[in-house]
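Structural characterization, general
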Amino acid sequence: MSKFQLILIVASVVLVAIIYSLPKVVVDNEEDAGGRQANAVDQELDMEAGLNMPAHMSDFTEEEKAEIAKLRNEVSSSAIASEINNAANQLAVLYQKYSRFDSAAHYAGILANNQPTDANIKQAAFLYFDAYSFSVAPEKVRSNADRASDLLGKVLEKNPEDLEAKTRLGLILVNSPQPMQGIMMVREVLEQEPENEFALFNMGLLSIESRQFPRAVEYFERYQAVNPENEEGQLYLAISYLESGNNAKALETFSRLRERVSDPEMIRTIDQYTERLK
């Protein structure tokens, strides 16, 4: 699955105003200390990772499947802490490579719990945020948001100026009972760093979700000034122009983007929107 397809899954839901079925509370979730309970969740992780879903088996090479089996066995059965931690880290990296964020986050969480260095906690926090961002089932959205919030809070306790962590926590809070707190956090990031790409992109998406299309145009124009080559940003800028009633700018942006993209999903999306302008 391409990066655009992943973003499109989320953004398409935003565009019809049902982007996330989001958490109501933030609670502390304990990860199992030594990875001893890893087998209990492996079946669920397999389903999410595609390991026992034939349609997705091609994502992993035969060598990678064998390596995954070996590493998971080390996490669940090794008596040596360093082996458990090394295997968990390798699994997190391998699952992340194929955008299996639930599985990547689970093993990164084991590593962060066993070896709570700043780097390990941040890695787990960001992977749980990714898992949250692309979750569909409400229970997975809630659990991933809870775990991401807890870990991001720990990152910010150590370093309140970590703008990457602050933006992610703000985006989770936007869809909680404290939405304005989240919005203010992301705005504070942009006050400190006006060209922060992640904050600009997501504020643009949030503006689309709330149907504030002129504001979405503002954010995506700023985003394009920072990252003019990003195709997803150009697409959402074109959509924002269209929904704001600026058909000429929308068509110009869609047409320019259509000439350079190769992703079939994006091409199909552009063509569908362009049809509306004819």
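Here goes a summary of the coordinates provided. Predicted, not measured: the structure shown is a model, and the values here were computed from it.

Parameters and conventions
Residues numbered from 1 in each chain as written. Predicted model: local features only at pLDDT ≥ 70, side-chain atom pairs only at ≥ 80, totals over all residues. Heavy atoms only, no water. Phe/Tyr/Trp six-rings, centres within 6.5 Å; stacked < 30°, edge-to-face > 60°. Helix = DSSP H or I, 4+ residues; strand = E, 2+ residues; numbered from the N terminus. Buried < 20%, exposed > 50% of the residue type's maximum accessible area, 1.4 Å probe, protein only. Core = buried A, V, L, I, M, F, W, Y, C linked by side-chain atoms within 4.5 Å. Contact = heavy atoms within 4.5 Å. Salt bridge = Lys/Arg side-chain N within 4 Å of Asp/Glu carboxyl O.

Bringing the packing of aromatic side chains into the picture now. Taken as a whole, this structure holds eleven aromatic pairs when the rule is applied. Ring geometry for Phe 220 against Tyr 236: centres 5.9 Å apart, planes inclined by 40°, an arrangement best described as tilted. With Phe 220 in helix α11 (residues 213-226) and Tyr 236 in helix α12 (residues 231-243), this residue pair connects regions lying 16 residues apart in the sequence. For the pair formed by Phe 220 and Tyr 236, the shared burial category is buried. Aromatic ring contacts, followed pair by pair, group Phe 60, Tyr 95, Tyr 98 and Tyr 107 into a single cluster.

With that settled, consider the nonpolar core. Most often, soluble globular proteins keep nonpolar side chains buried together rather than apart. Core analysis: the biggest nonpolar cluster contains 75 residues, and Tyr 107, Leu 152, Phe 220, Tyr 236 and Phe 254 have the highest contact counts within it. The element contributing the most residues to this core is helix α6 (residues 118-133), with nine residues. The residues touching Phe 220, leaving out its near neighbours within four places in the chain, are Phe 201, Gly 204, Leu 205, Ile 208, Gly 233, Tyr 236, Leu 237 and Ser 240.

In this structure, Ser 99 takes a positive phi of about 60° despite not being glycine. If you trace the backbone, Ser 99 turns up in the loop between α4 (81-97) and α5 (101-114). By relative accessible area, Ser 99 is classed as partly exposed at 24%. Residues other than glycine seldom take positive phi values, yet Arg 211 does so here, at roughly 60°.

Next up on the list: the pattern of salt bridges. Here the structure, examined in full by the defined rule, presents 18 salt bridges. For Lys 140, the salt bridge identified is with Asp 102, shortest N-O distance 3.6 Å. Of this pair, Lys 140 sits in helix α7 (residues 138-158) while Asp 102 sits in helix α5, and the two are 38 residues apart along the sequence. Given the relative accessible area of 19%, Asp 102 is considered buried. Of the charged contacts in the structure, one is a salt bridge between Asp 162 and Lys 122, with a shortest N-O distance of 2.9 Å. On the criterion of sequence distance, the pair formed by Asp 162 in the loop between α7 and α8 (163-174) and Lys 122 in helix α6 is long-range, its members being 40 residues apart. Relative accessible area serves as the criterion here: at 9%, Asp 162 is assigned to the buried category. Taking the relative accessible area as the measure of exposure, Lys 122 reaches 24% and is therefore partly exposed. Ionic contacts of the salt-bridge type, sharing partners, join the residues Glu 67, Lys 70 and Glu 74 into one network.

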